[in-house]
Amino acid sequence: MDLRRTLPDELLDRMQLGTIEGEVDTSAFKFRAVEDVGKFDFVSVKSNERWILAQVEEVTKKPDGETLAEANIIGYRDKGLTKAPRQVIEPDSIVYEADQELIAETLGLEDAGLGIGNLETNPDIDIFVDESDFYKHFAVLAQTGAGKSYLTGVLTEELLEQEFPILILDPHGEYSSLEIPNPERSEGAKGYDVREFSPNTDVNSEAMPLRFSSVNMEKKELLEVIPDSLTNSQMGVLYNALKRLREKGDDYTLNDIMDAVSQEDSTAKWNLLNSMEQIEESGLFSETPTNLKDLLEPGRATIINLKAVEPEATEMTAYLLAKRLFDLRKRDRVPPFVMLMEEAHNFAPEQGFGKALSSEILRKIASEGRKFGLGIGVVSQRPARIDKNVLSQCNTQFILRVSNPNDIKAISKSFEGVTSEVESMITSLPPGVCFVLGNEYPVMTQVRQRYSKHGGTTQTAEDYEQKTTVDCYLPQEDIDTVRQKRDGEYSIAYYPLYHLETDDVEILVDGVEGDVKAERKKPSGLEKQVLEKLRNGLEKSEIVNEIDMTLTKMSSIQESLVEKGLVHEDRFEPKESVLDVDLVERDATEPELIDYKIDEKTARNHLEGAKVRKLRYPYYSSGDSVYDPILNKQL
C-alpha cells in the first residue's frame, strides 16, 4: 500500500522520517527511522489537529541496520507562546521532517535584528537577536578554544552596524583588529570605527593614554581606590583633610589631598600617605585627564587596552570607568551604551574567588543599568567564577562549548531553559556553535563569519613578531586621531636619524641620505635659564627680576641667543626645533623600522668628537599619503 496516497495534501510535501513506537509521554518519544536522521535535527508530528515540534536527542543504529531515534518534545505555537502538549501523542504516529516555517514559528525566532548566524541544523534559517535586549545585559560563556572571542566580535560588529556606542575592556589587546577588514572573507569584508585607549602606552603604543581626573574626589571613591584598608584613625585624618579643603571652596586634586593629609598632627597620616602615594604612582590620575564623554560615540568601539597593565591598575581602571560612566549616563551626559568585559570573572568575581574594586558597581549596573540604557556584556571562560548576581541579570546568553561541571552548574542555576538535555548538548558543541538563550527555547546556532579581522587567535612561535625598543620623538598627534580626522587606514613607520652632540653643538643627521636635517649651537648655563623661562611664557622684565640680572646683561644674552639661532631676531621668543621635542621609548616591529643606510662612523664626519645616538622620527602613512605627527601636517 502506498502510504502517500492516504495522506492529506498538507503532508505530501513533508518528508516522512519514521513511525513512533513504544511508550510515549508528554515530554519525549522514540521512533523507528526509515530515512537519515541526525542528532539535534528538528522533527514534527501531527497530534490533535496541531503540529508538534520536537528535536532529536539521540540516534542509535542496531546490528541489523535498524535506526532508532529519541526526540524531546518542544511543543506548539499558540497565541504567541510556545506551549507543551497536555495530551500524549498517539503511538504509531508518523514522524516528519520539520519545515522552516514550523521551526521558526514554534521557537519564536526573530525575523530581524542582529544577525549572528543560522540555525545549526537548518542553514537556511537565519538567527536574529533583538538589539534592545542588549541593554538588558548579555553573557558569552565558553571554555578556551570554543569560539568565545570570535562570537563576541560578531556581536560587536552587529551592534556597531546599529550605531551602538560600545566600550570594551580588553585585557589581552584582541579587539583593535575590528578596524581591519577580514582577509579570509571573499566579499562583504569591512573594518569599523575604533578608538583605542590604554593606561600603558609604553607597551600599547598605538593607543591614546587613558587618564582620570582627581578633581574633587569624594571620600567614598577615595576609600575604594586606596589599596589598603584604613584604620579608624587614618579615616579620621582623611576626613579632616577633605573637610578643610572643601571649606576653602576651591577645586582640589589628589596632590592637594595629600598635602592636606601631611599637615595633620596625627601620626596615622604616614601610613595613609604611603597608601595614597601608591595611587599617584599608578599613573592613572592626571591634571590633563581623558574626557570620558569622548569614549562614547554612536557606531564606534572604544577599546580599553589593558594588555601588560598591572592587576591593581586594571582593577582601578575598570572601577573608575564603570562608576563614572554610569553616573554620567544617569544624568544623560553620555548616550546609552554597552560596556563589554572580556575576562569578566576578574572584574566581578563570585564570592570565594577573590575580590575586585569593580564588583559592587557592576552589581549595581547589572540590577539598575537597563533602566538608564547601560547594558553590560559578560564574557568569560569560567562562568562559575562570575558573581552570580551579575550573571543571573543577563537577559540573553550565548553558550558555546563548556565541559567543566562547576561551570555547567553555574550556567544552569543562572539561566532558565537549561535542562539536563541542554546541559548534555553544551558539553559536546563543536567550535563556532552556540546555544542562544533568551527565547522560550534554547536555539543552537552556527555563528556567522566575521566582517572584520579576528584578533583572538592563540599566538604561536610562528606568528610571533619580534619587537625592538627604539628612542623616538614623541608624536604630537596619536595615530587613531589622524585615522579619524583623515578617514584613512594609516600605519606607523620610524625613520632613522643620528643625534650628534658636543659641549657646544648638536645636530641631526639623516640615517638614509646622510645629510644634516637640523643644527644649532647649545646655550650656556645662564642662557639656558633664560631660554627655559621664555618657554614657560615669562616676559623679559619678569626674567630679569627672577634671575636678578641687569638689563645690560639681559641684552647681551639676547644677542647671543639670536646669534645661536635659539630665539627670533625680531621678537624675544624661542624658535621651535625638532631638537626640543620630547623623546620616548617605543616598541616597534621590523616592518615598521626603516633601515639605516649609513653607519655611525660616516655620520660622525659631520661633527668630529661628538657623542652619537640613534633616534627615530615617526611618520604615519596610508598608501601614497604621508603624515608628520610632530609638525601636524600632510607631506
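Residues numbered from 1 in each chain as written. Predicted model: local features only at pLDDT ≥ 70, side-chain atom pairs only at ≥ 80, totals over all residues. Heavy atoms only, no water.

Structural notes on the overall build of the chain
The helix and strand tally for the chain stands at 17 helices and 27 strands. Computed over its C-alpha atoms, the radius of gyration of the chain comes to 33 Å, more than 25% above the 26 Å expected for a compact globule of 635 residues. Here the C-alpha coordinates of the chain stretch approximately 120 × 65 × 40 Å along the principal axes. Of all 635 residues assigned to the chain, the portion counted as buried reaches 49%. Considering only contacts within the chain whose residues lie at least 6 apart along the sequence, 67% involve residues at least 24 apart. Of the roughly 31,800 Å² that the chain leaves accessible, carbon and sulfur atoms contribute 43%. (Helix = DSSP H or I, 4+ residues; strand = E, 2+ residues; numbered from the N terminus. Rg over C-alpha atoms; globule rule 2.2 N^0.38 Å. Buried < 20%, exposed > 50% of the residue type's maximum accessible area, 1.4 Å probe, protein only. Contact = heavy atoms within 4.5 Å. Areas by Shrake-Rupley, 256 points an atom, 1.4 Å probe, with all protein chains shown as cover.)

Looking at unusual backbone geometry
One non-glycine residue, K79, lies in positive phi territory at about 55°. Tracing the backbone shows K79 in the loop between β5 (67-78) and β6 (81-83). Its relative accessible area of 78% is what places K79 among the exposed residues. For D92, which is not a glycine, the phi torsion comes out positive at approximately 70°. With respect to the helices, strands and loops of the structure, D92 is situated in the loop between β6 and β7 (94-97). Among the residues examined, D92 registers a relative accessible area of 59% and is labelled exposed.

Observations regarding the nonpolar core
Core analysis: the biggest nonpolar cluster contains 81 residues, and V378 and F415 have the highest contact counts within it. With 10 residues, the single largest contributor to this core is helix α7 (residues 311-330). Apart from residues lying up to four places away in sequence, F415 is in contact with A139, L141, L391, C394, Q397, I399 and L437. Counting residues in each nonpolar core, the second largest holds 47 residues, with I74, V140, A146 and F398 among its members. (Core = buried A, V, L, I, M, F, W, Y, C linked by side-chain atoms within 4.5 Å.)

Digging into the sheet that holds strand β16 (residues 374-380)
The sheet built from 12 strands is open, its strands ordered β9-β8-β19-β18-β17-β10-β16-β15-β11-β14-β12-β13 with mixed pairing. Each end of this open sheet is capped by a strand with a single partner; those strands are β9 (122-129) and β13 (208-209). Against the sheet, helix α2 (residues 148-161) makes contact with β8 (114-119), β10 (138-141), β11 (166-170), β14 (300-305), β15 (337-341), β16, β17 (396-399), β18 (433-437) and β19 (443-447), and its axis sits at roughly 135° relative to β8, the strand it touches most. (Pairing = 2+ DSSP bridges. Axes fitted to C-alpha atoms, helices over the stretch in contact; angles between N-to-C directions.)

A short note on the confidence of the model for the chain
The predicted model of the chain averages 89 in pLDDT, with 96% of residues at 70 or higher. The low-confidence segment residues 1-9, where pLDDT is below 50, has 9 contacts with residues more than four positions distant or belonging to other chains. (pLDDT = per-residue confidence, 0-100.)

Some remarks on helix α13 (residues 479-486)
The complete set of buried residues in α13 reads I479, D480, T481, V482 and R483. Packed against the buried residues of α13 are β12 (193-198), β13, β21 (491-501), β25 (611-622) and β26 (625-628). Backbone geometry just after α13 places D487 at a positive phi near 50°.

Things to note about the pattern of salt bridges
Overall, the coordinates contain 30 salt bridges when judged by the stated rule. In this structure, E342 engages K148 in a salt bridge whose closest nitrogen and oxygen atoms are separated by 3.5 Å. Taken together, the residues E342 in the loop between β15 and α8 (344-347) and K148 in helix α2 connect sequence positions 194 residues apart. The exposure classification of E342 matches that of K148, with both residues buried. (Salt bridge = Lys/Arg side-chain N within 4 Å of Asp/Glu carboxyl O.)

Regarding the pairing of strand β3 (residues 42-47)
Judged by how many residues are buried, β3 sits mostly within the fold: 5 of 6 residues are covered. The sheet contact formed by β3 and strand β4 (residues 50-61) spans 6 bridges and is antiparallel. Directly across from S44, in β4, lies its bridge partner L53. Connecting β3 to the antiparallel partner β4 that follows it, the hairpin turn spans 2 residues, and N48 within it adopts a positive phi of roughly 50°. Two strands pair when backbone bridges link them, and β3 and β7 are joined in this way by 2 bridges, in the antiparallel orientation. Its bridge partner lying in β7, V43 is registered against E97.

A look at the packing of aromatic side chains
Per the counting criterion, the structure on display carries 10 aromatic pairs. Ring centres of Y498 and Y596 lie 4.9 Å apart, and the angle between their planes is 50°; this geometry places the pair in the tilted category. Of this pair, Y498 sits in strand β21 while Y596 sits in the loop between β24 (583-589) and α17 (600-604), and the two are 98 residues apart along the sequence. One exposure class covers both Y498 and Y596, and it is buried. Grouped by ring-pair contacts, the aromatic residues Y473, Y495, Y617 and Y619 constitute a single cluster. Geometry around F326 places K330 over its ring, the cationic atom sitting 4.6 Å from the centre. (Phe/Tyr/Trp six-rings, centres within 6.5 Å; stacked < 30°, edge-to-face > 60°. Lys NZ or Arg CZ within 6 Å of the ring centre and 35° of its normal.)

Considerations on the packing of helix α5 (residues 254-262) against helix α6 (residues 269-281)
Following both chains from N to C, one finds α5 and α6 inclined at 165°, their axes separated by 10 Å at the closest point. With respect to each other, α5 and α6 are oriented roughly antiparallel. Crossing angle aside, the handedness with which α5 passes α6 is left-handed. Residues L254, N255, I257, M258, V261 and S262 of α5 touch α6, and the partners they reach there are K269, L272, L273, M276, E277, I279 and E280. Across the contact of α5 with α6, the residue classes break down as 8 nonpolar, 2 polar and 3 charged. (Parallel < 35°, antiparallel > 145°, perpendicular 65-115°, else oblique. Left-handed = near helix turned anticlockwise from the far one by under 90°. Nonpolar A, V, L, I, M, F, W, Y, C, P; charged D, E, K, R; others polar.)

Looking at the packing of helix α15 (residues 540-547) against helix α16 (residues 551-563)
Relative placement of two packed helices is described by the angle separating their axes and the distance separating the axes. Closest axis-to-axis distance for the α15/α16 pair is 10 Å, and the angle between their directions is 115°. Here α15 runs over α16; the crossing is right-handed. Of the residues in α16, those in contact with K540, I543 and V544 of α15 are L551, M554 and Q558. Here the residues of the contact of α15 with α16 sort into 4 nonpolar, 1 polar and 1 charged.

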